Amino acid sequence: MNADPIVIFVNAQRVEVPPGTTALDAVRRWDPATAAQIEAGDRQLSDARGLPISGDSTVYGGAIYRVIGGRRGHDTPPADAER
């Protein structure tokens with residue numbers, strides 16, 4: 001017997017995921033390209049309050065996630081940048 005899907009929101013878009021899904025997998029279901037950007041460190045995931053969260057955190061019903069800019073600050077060059 002399958003459990004009912006959990007409804008969460010990613011950037012204001014309704015997404016249904018199975019129980020036990022991680023936040024990153026929920027983003028992947030919403031938009032695989034954005035999930036890849038999060039994995040690469042180019043984008044970051046935050047909760048409804050705008051606080052960064054780990055992509056491996058488990059979703060819960062009604063959760064709101066937002067995709068925000070990358071982890072690097074404006075003054076911090078990427079790790080692979082020439083010095």
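See the structure printed just above.
Residues numbered from 1 in each chain as written. Predicted model: local features only at pLDDT ≥ 70, side-chain atom pairs only at ≥ 80, totals over all residues. Heavy atoms only, no water.

Draft legend 1. How the structure looks around the overall build of the chain. When helices and strands are tallied, the chain shows two helices and four strands. What you see in the chain, going N to C, is helices and strands ordered as β-β-α-α-β-β. In the chain, which comprises 83 residues, the share counted as buried stands at 28%. The long-range fraction of contacts in the chain, counting pairs at least 24 apart against all pairs at least 6 apart in sequence, stands at 45%. (Helix = DSSP H or I, 4+ residues; strand = E, 2+ residues; numbered from the N terminus. Buried < 20%, exposed > 50% of the residue type's maximum accessible area, 1.4 Å probe, protein only. Contact = heavy atoms within 4.5 Å.)

Draft legend 2. Fine view of the nonpolar core. Of all hydrophobic cores here, the largest spans 17 residues; its most connected members are Ile8, Val17, Leu45 and Tyr65. Counting only elements with at least two residues in this core, the list comes to strand 1 (6–10), strand 2 (13–17), helix 1 (23–30), helix 2 (32–40) and strand 4 (64–69). The greatest single-element share of this core, amounting to four residues, is contributed by helix 1. If near-sequence neighbours (up to four positions away) are discounted, leucine 45 is found in contact with Ala23, Leu24, Val27, Ile38, Leu51, Pro52, Ile53, Gly55, Tyr65, Arg66 and Val67. (Core = buried A, V, L, I, M, F, W, Y, C linked by side-chain atoms within 4.5 Å.)

Draft legend 3. Geometry of the pairing of strand 4. Relative to strand 4, strand 1 is paired through two bridges, and the arrangement is parallel. What sits directly across from phenylalanine 9, in strand 4, is isoleucine 64. Bridge analysis of strand 3 (residues 43–46) against strand 4 gives four bridges, and the strand direction is antiparallel. Bridge pairing in strand 4 links glutamine 44 to isoleucine 68. (Pairing = 2+ DSSP bridges.)

Draft legend 4. Here's a closer look at helix 1. Within helix 1 the residues assigned to the buried category are Ala23, Leu24, Ala26 and Val27. Along helix 1, the residues classed as buried sweep out an arc of 160 degrees about the axis, all on the same side. Buried residues belonging to helix 1 abut strand 1, strand 2, helix 2, strand 3 and strand 4. (Arc of directions from axis to C-beta.)

Draft legend 5. Just the packing of helix 1 against helix 2, in detail. Remark: helix 1 packs on helix 2, axes separated minimally by 5 Å, with the N-to-C direction vectors making an angle of 145 degrees. Contacts from Leu24, Val27, Arg28 and Trp30 of helix 1 reach helix 2 at Pro32, Thr34, Ala35, Ile38 and Glu39. Here the contact of helix 1 with helix 2 is composed, by residue class, of six nonpolar, one polar and two charged. (Axes fitted to C-alpha atoms, helices over the stretch in contact; angles between N-to-C directions. Nonpolar A, V, L, I, M, F, W, Y, C, P; charged D, E, K, R; others polar.)

Draft legend 6. Up close: helix 2. Regarding helix 2, the residues found buried are Thr34, Ala35 and Ile38. Seen from one end, helix 2 has its buried residues packed into an arc of 100 degrees, which puts them on one side. Opposite its buried face, helix 2 presents the exposed residues Pro32, Glu39 and Ala40, each directed more than 90 degrees away. Contact partners of the buried residues in helix 2: helix 1, strand 3 and strand 4. Backbone geometry just downstream of helix 2 places glycine 41 in the positive-phi region, at approximately 90 degrees.

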